[in-house]
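Chain residues, written in single-letter form:
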Amino acid sequence: MDRNAIMERVRAQMPERRWAHTAGVMETAVRLAERYGADPAKAELAAILHDVAKYWKIEDQKRALIESGEAGDLLEYDPQLWHAHVGAHVARRDYGIEDPEVLDAIRWHTSGRVGMTLLDKVVCLADYMEPGRDFPGVDRIREEAGRSLDRALVLGFDSTISFLLANGRPVYPLTVMARNDLIRLLDKEADND
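Nothing here was measured: the structure is a model prediction, and the numbers come from that model. One numbering rule holds for all chains: residues counted from 1, following each sequence as written. Side-chain atom pairs in this predicted model are given and counted only at pLDDT of 80 or more, local residue features only at pLDDT of at least 70, and totals for whole chains, interfaces and linings cover all residues. Working from all heavy atoms in the structure, the side-chain values ignore hydrogens and water.

> So what about the overall build of the chain? Which residues, and what values?
For the chain, the helix and strand inventory stands at 10 helices and zero strands. The globule rule is 2.2 Å times the number of residues to the power 0.38, and the radius of gyration it is compared with is taken over C-alpha atoms. Computed over its C-alpha atoms, the radius of gyration of the chain comes to 16 Å, within 12% of the 16 Å expected for a compact globule of 193 residues. For the chain, the spread of C-alpha atoms along the principal axes amounts to about 45 × 35 × 30 Å. Partitioning the intrachain contacts of the chain with sequence separation of at least 6 by distance along the chain shows that 61% fall at a separation of at least 24. Surface accessibility of the chain: about 9500 Å² in total, with carbon and sulfur atoms responsible for 51%. The charge count treats Lys and Arg as positive and Asp and Glu as negative. His and the chain ends do not count. Where a charge lies is defined by one atom per residue type: Lys uses NZ, Arg uses CZ, Asp uses CG and Glu uses CD. Of the side chains in the chain, 26 bear a positive and 34 a negative charge, and the two mean positions are spaced by 3 Å. Each helix is a run of DSSP H or I of at least 4 residues and each strand a run of E of at least 2, with the numbering of both proceeding from the N terminus. The contact definition used throughout considers only heavy atoms, calling two residues in contact when any of these lie within 4.5 Å. All accessible areas in this document rest on Shrake-Rupley with a 1.4 Å probe, and a residue is counted as covered only by the protein chains that are shown.

Okay, here's the thing in structure tokens:
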């Protein structure tokens, strides 16, 4: 399936507001990929599909998670996390995407993971800071993204974790681990300077 056909199918199954978000993530992912040396075409493809399952019914997401074999501990946490893993499954099953880098960037765009690849980071950060996003701290994330992909992503994870804590909601442990992994990388870079 070519890029335009994928875009049409994805757009048709989501509200116009979510498509505007997806278009913003596409634009931002390509820009970040070009700046930091990731593959812009892969970044764009992952961005197109990153929220493909976002508006599925929770029961359908749960069924797809179980079908994919990737449910793991996700079912114990906020269903808002599920769409990323379901999206990777659907990208492969329904859209014919076989590239493991693209599938991983879709899969980890919400929670992050330890050892994030450059493409994972680009798509995750693009989702945080696309032009339509408006939350406390987003401008600081955008500003930092011009200097450091990793520092900007730490700010994004900090924002998510703070929001969840302030609202008495559980924090998915992998997000904390992803944040801490980035901090270790940044500390190692600072030690080498």
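> Run through the packing of aromatic side chains, naming residues and quoting values.
The aromatic pairing rule takes the rings of Phe, Tyr and Trp, using the six-membered ring of Trp, and pairs them if the centres are within 6.5 Å, calling planes under 30 degrees apart stacked, those over 60 edge-to-face and the rest tilted. Taken as a whole, this structure holds two aromatic pairs when the rule is applied. Ring geometry for Y77 versus Y172: centroids 5.0 Å apart, planes at 70°, classification edge-to-face. Within this pair, whereas Y77 is found in the loop between α4 (58-68) and α5 (82-95), its partner Y172 is found in the loop between α9 (149-166) and α10 (173-192), the two being separated by 95 residues in sequence. Its relative accessible area of 8% is what places Y172 among the buried residues. Each ring, one from Y128 and one from F157, has its centre 6.1 Å from the other, and the planes form 80°; the classification is edge-to-face. Of the two residues, Y128 sits in helix α7 (residues 118-129) while F157 sits in helix α9, which places them 29 residues apart along the sequence. As far as the burial class goes, Y128 and F157 line up, both buried. Two conditions define a charge located above a ring, namely a distance within 6 Å from the ring centre to NZ of Lys or CZ of Arg, and an angle within 35 degrees of the ring normal. Lying across the ring of Y95, R9 places its NZ or CZ 4.3 Å from the centre. Any residue under 20% of the maximum accessible area for its type is buried, any over 50% is exposed, and the rest in between are partly exposed; the area is computed with a 1.4 Å probe on protein chains only.

> Tell me what's going on with the nonpolar core, and back it up with residues and numbers.
Put simply, a nonpolar core is a bunch of buried Ala, Val, Leu, Ile, Met, Phe, Trp, Tyr and Cys residues held in one set by side-chain atoms that sit within 4.5 Å of each other. With 57 residues, the main nonpolar core has V10, L49 and L125 as its most contacted residues. Per-element accounting of this core gives the leading share, eight residues, to α7. Setting aside its immediate chain neighbours within four residues, V10 contacts W19, I48, L49, V52 and Y95.

> Lay out the packing of α4 against α5 in plain terms, naming residues and giving numbers.
Fitting a line to C-alpha atoms yields each axis, with helices limited to the stretch in contact; the angle taken between N-to-C directions then spans 0 to 180 degrees. At a closest axis distance of 9 Å, the pairing of α4 and α5 adopts a crossing angle of 65°. Taken as a pair, α4 and α5 cross one another with a handedness that is left-handed. Listed contacts from α5 to I58, Q61, K62, A64, L65, E67 and S68 of α4 are W82, H83, H85, V86, H89 and R93. Three residue categories are used. Nonpolar comprises Ala, Val, Leu, Ile, Met, Phe, Trp, Tyr, Cys and Pro, charged comprises Asp, Glu, Lys and Arg, and polar comprises the others, including Gly. Partitioned by chemical class, the residues of the contact of α4 with α5 number five nonpolar, five polar and three charged. Two helices cross in a left-handed way if the nearer one is turned anticlockwise from the farther one by less than a right angle. They cross in a right-handed way if the turn is clockwise.

> Break down the side chain of R113 for me, with residues and values.
Locating R113 in the fold gives a position in the loop between α6 (100-107) and α7. Take R113: its relative accessible area is 17%, and that puts it in the buried class. In this structure the side chain of R113 is engaged in a polar contact, spanning 2.8 Å, whose partner is the side chain of D120. What R113 contacts, discounting residues up to four positions off in sequence, is D104, W108, D120, L174 and A178. In protein, a polar contact requires one atom able to donate a hydrogen and another able to accept it; more generally it is a pair of N or O atoms within 3.5 Å, and residues adjacent in sequence count only if both atoms are side-chain atoms.

> Just give me the short version of the environment of A43, but keep the residues and values in it.
Locating A43 in the fold gives a position in helix α3 (residues 40-49). Along the primary structure A43 and I161 are separated by 118 residues, whereas in three dimensions their C-alpha atoms are 25 Å apart. With sequence-adjacent residues up to four places away left out, A43 is seen in contact with A29, A33, L119, V122 and V123.

> Tell me about the side chain of D51, and name the residues and values.
Turning to its location among the elements, D51 is positioned in the loop between α3 and α4. Side-chain polar atoms of D51 contact the side chain of H50, separated by 3.2 Å. Residues in contact with D51, not counting those within four places in the same chain, are M14, R18, H21, T22, H83 and H109.

This is a description of form; function is not addressed.
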